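Secondary and tertiary structure notes
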Amino acid sequence: ARQRAALAAASDGSAAAKNSSSMMPLSSSAASRSAPTRWLPNLVAAAADISHVLRAAQHVEDPETLVRGWRTFVRDAVEKTIILPLCYKVENDLRVRAHALGAARVVNSQNRKPTAPARAKETTDDGQDNAAASVGAATTSTNGGAAHHQNGADKTTTTNGVGTNGAAESTAKRDAPTDGVALALLSMAPLRILDERVDVGRRVSAYLEKVFYDLTVVALHDWATYAEMRALAKQSYGLEIRDNQLPMGSLDVGLDVLRIMQNIDVFVARFSYNLNQQNFVERKPDRGSKNVRAINIHSIASSLRQHGLGVLNTTVNYTYQFLAQKFHVFSQFLYDDYIRSHLSKERRWFRKHRDECQSMYPYAKAADFLRDIRKLGVSDDGKTFLDHFRVLVTEIGNALGYVRMVRSAAAEFCADAARFVPDFDKAADVANDLAGAAATRSAAPKGEASVEETAGPGGDDDDHREKGDDKERHHVSSATREAAANLASVIETLGKSFSEGRDYFKVLVNVFKKVLLSGADHGHLDNFFMIVPALCSSWVEASLVAKDRMFKQNRQREAYYADDGFAVGLAYVLAILGQGSKFDSLHWFDRVKAKLLADERELEERLQAREKKRQARIAARQKTAQQQKSTFSFLSSSRSNNTAEQPPRPEDDDDDDDDDTGARALQLTGRRIKATKRENELLYFSISGPSLTHALTHP
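Notes on the structure follow.

This part is about the nonpolar core. By size, the foremost hydrophobic cluster in this structure holds 89 residues, and its most contacted members are Leu 323, Phe 330, Phe 389, Tyr 402, Phe 528, Ile 531 and Tyr 572. It is helix 18 (residues 385-417) that provides the largest number of residues to this core, a total of 15 residues. Beyond its immediate chain neighbours, meaning those up to four positions away, Tyr 402 contacts Val 257, Ile 260, Met 261, Phe 267, Phe 280, Ile 300 and Thr 315. With 42 residues, the next largest nonpolar core counts Leu 40, Leu 86, Leu 94 and Leu 208 among its residues.

Next up, the structure:
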């Protein structure tokens, strides 16, 4: 007993209070050993043995203050010598690995495309290529980490109980543990510091969660980098880092859906619509801007998350008001005496000469109409009256394309919101049953059993079990019933949103069809289909010019790579006026195809004739040189050689220059024919697309 008392007195830990300055070196030494999971818990347990000595102190009024102060001291020592260096070690390792993966992706993408020229491209769309995104993400993340540590060196930072300052950070970075020690510390059981529990792995996870959140808020476009670092933390260190719940991308989603609706006339005039990719791209940047704005389904879906699905009906209402104004201008243009008389004359001529034209409207008639319209006058921007009418049809199509894109964004939003609902009907029925069964059961007289209670297939045990289940299911609180009713309402709303809005195009077609096809005031619209060939030719010319401007660096005028609003607007107007079959009777695209084939054959014949002429000229030169050589054969060999090596005559050089000029002209003509053929085919497929045709011609 005496020895045990002496041993207890010698190992009571009171010496630690006298040598508290050695706590940090001891904890740092314990963490750096090969087996920290054995040394560190023993050190912390030894430091906790002093608690009973502190509680027995007589020189203070409340000894618990000494215990709390000692606990804080030990905890700070563990955090500064173990947790903080471990946090920086893990963060830097994850950052270096993410940067290495990004660089590897860049190298792989360059190896896959060795012949692709390196060109800097400007875009505001979220769909950047992987190589540029990886380089930007790795560079920004590295800079963000450096900025974070620089800020930490200037001021004190507190992260979930981890207190640091500039000197502590530099010491922590210098004394970072090795990989094996880091894994051992992260997988170690929680430490017990007196009555407080310290989980090293959870402290590191909390630190990384805060760092990832703060840096993602500063640069939202780097969300992929920190998501990759979070996955690497799970894979390499087994750390469970919670999602920061920030949007996957930038909060700058472009124009807001409400702002677009309020200024839809400006929007459809400044943006071009891409039917296949479902996006809008600005035709030309603002003055002083180097980028053009783009709006896609994802940006509209992000806006719908803020405003709700009620924006759909508002969008249709605004579009209807806009279309009503545009159709008023549309009707005034066709009511003009010159336009109306010309279309009537063209319709009578085609009806009379249909057999001679093989039921195909002549291409020359449309070209003549374009020239006649240009004689009436040109605006300051070089557009004729027909060009302005084509722009009007394009704006109508852009408005309809915006409605289509908003509907698609709403479907994406609903699908994302309802991804955890397997079946809308069954889920709504279950929620309604849960919300209303309790009220039905409470209204039933006592002693009466419900159908569920009397429908047990088995014996008494089954009946008792089912009665217990019914009782547990139906006897719920009012708050639960209210929540179930709200759930049922939300599910029904999501289910309706998938089906509603699919008839938006049909509604807009029927509304204007009833107005434009009723009465005798709209007879001037009957010949609209006769102006469509000239409109198509005008659109092809404008599209070629705009695409050529895309290759210029200083684009002061409109430049775009897609303008499907004209195709959508043209199909919509033909569907409203019921003139789709009449336009098909013109066989305009067949005529354009035949005309381009004839141009290609003519170009081929001209190339062959030029080649024959060039070969004949070469043969004539050779024959002339041979005659000169035989004529002066009596001269000396030196004289003969000098004569044979005479340079070509000036007239030969002129012929060669003419050949080069003619060849370049023919090459430009061939490119022009191919580009015109491509644009006409694109317009034909856009107008005759199955989805667009079904939506607009089957109301």
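Continuing now.
The geometry of helix 16 (residues 337-352) relative to helix 17 (residues 363-375) is characterised by a closest axis approach of 13 Å and an angle of 165 degrees between their N-to-C directions. As judged from the angle between their axes, helix 16 and helix 17 are roughly antiparallel. Of the two possible hands of crossing, helix 16 and helix 17 adopt the one that is right-handed. Between helix 16 and helix 17, the residues in contact are Tyr 338, Ile 339, His 342, Glu 346 and Trp 349 and Lys 365, Phe 369, Asp 372 and Ile 373, respectively. Grouping the constituent residues of the contact of helix 16 with helix 17 by class yields five nonpolar, one polar and three charged.

Let us now look at the environment of Ser 341. As for its placement among the helices and strands, Ser 341 is situated in helix 16. The sequence separation of Ser 341 and His 524 amounts to 183 residues, and the corresponding C-alpha distance is 9.6 Å. Within the structure, Ser 341 has its side chain in polar contact with the backbone oxygen of Asp 337 (distance 2.8 Å).

For the rest of this paragraph, the subject is the packing of aromatic side chains. In this structure the tally under the stated criterion is 21 aromatic pairs. Plain terms: the ring middles of Phe 330 and Phe 389 are 5.2 Å apart, the flat faces sit at 25 degrees to each other, and that makes the pair stacked. In this pair, Phe 330 is assigned in helix 15 (residues 311-335) and Phe 389 in helix 18, connecting sequence segments 59 residues apart. Connected via pairs of aromatic rings, a cluster forms that spans Tyr 320, Phe 327, Phe 330, Phe 333, Phe 389, Phe 512, Phe 528 and Tyr 572. In this structure, Arg 283 is placed above the aromatic ring of Tyr 560, and the distance from its NZ or CZ to the ring centre is 4.7 Å. Against the face of Trp 349 rests Lys 365, its NZ or CZ located 4.5 Å from the ring centre.

The next subject is the sheet that holds strand 7 (residues 294-296). Strand order in this open sheet of three strands is 5-6-7, and the pairing throughout is antiparallel. With one partner strand each, in any of the chains shown, strand 5 (271-274) and strand 7 form the two edges of the open sheet. Each adjacent strand pair in this sheet contributes to an overall mean axis angle of 20 degrees, direction not counted. Where strand 5 meets strand 6 (residues 279-282), four bridges bridge the pair, whose relative direction is antiparallel. Opposite Ser 272, over in strand 6, you have Val 281 as the bridge partner.

The next thing to look at is helix 10 (residues 200-218). Counted at 1.5 Å a residue, the expected span for helix 10 with its 19 residues is 27 Å, and the 27 Å between its end C-alpha atoms agrees. Where helix 10 begins, one side-chain oxygen reaches toward the backbone nitrogen of Gly 201, 3.3 Å away; that side chain belongs to Asp 199.

Thresholds, definitions, all that
Residues numbered from 1 in each chain as written. Predicted model: local features only at pLDDT ≥ 70, side-chain atom pairs only at ≥ 80, totals over all residues. Heavy atoms only, no water. Core = buried A, V, L, I, M, F, W, Y, C linked by side-chain atoms within 4.5 Å. Buried < 20%, exposed > 50% of the residue type's maximum accessible area, 1.4 Å probe, protein only. Helix = DSSP H or I, 4+ residues; strand = E, 2+ residues; numbered from the N terminus. Contact = heavy atoms within 4.5 Å. Axes fitted to C-alpha atoms, helices over the stretch in contact; angles between N-to-C directions. Parallel < 35°, antiparallel > 145°, perpendicular 65-115°, else oblique. Left-handed = near helix turned anticlockwise from the far one by under 90°. Nonpolar A, V, L, I, M, F, W, Y, C, P; charged D, E, K, R; others polar. Polar contact = N/O pair within 3.5 Å; in protein donor to acceptor, adjacent residues only side chain to side chain. Phe/Tyr/Trp six-rings, centres within 6.5 Å; stacked < 30°, edge-to-face > 60°. Lys NZ or Arg CZ within 6 Å of the ring centre and 35° of its normal. Pairing = 2+ DSSP bridges. Expected span 1.5 Å × (residues − 1).

In short, the description is geometric, and any link to function would need to be established separately.
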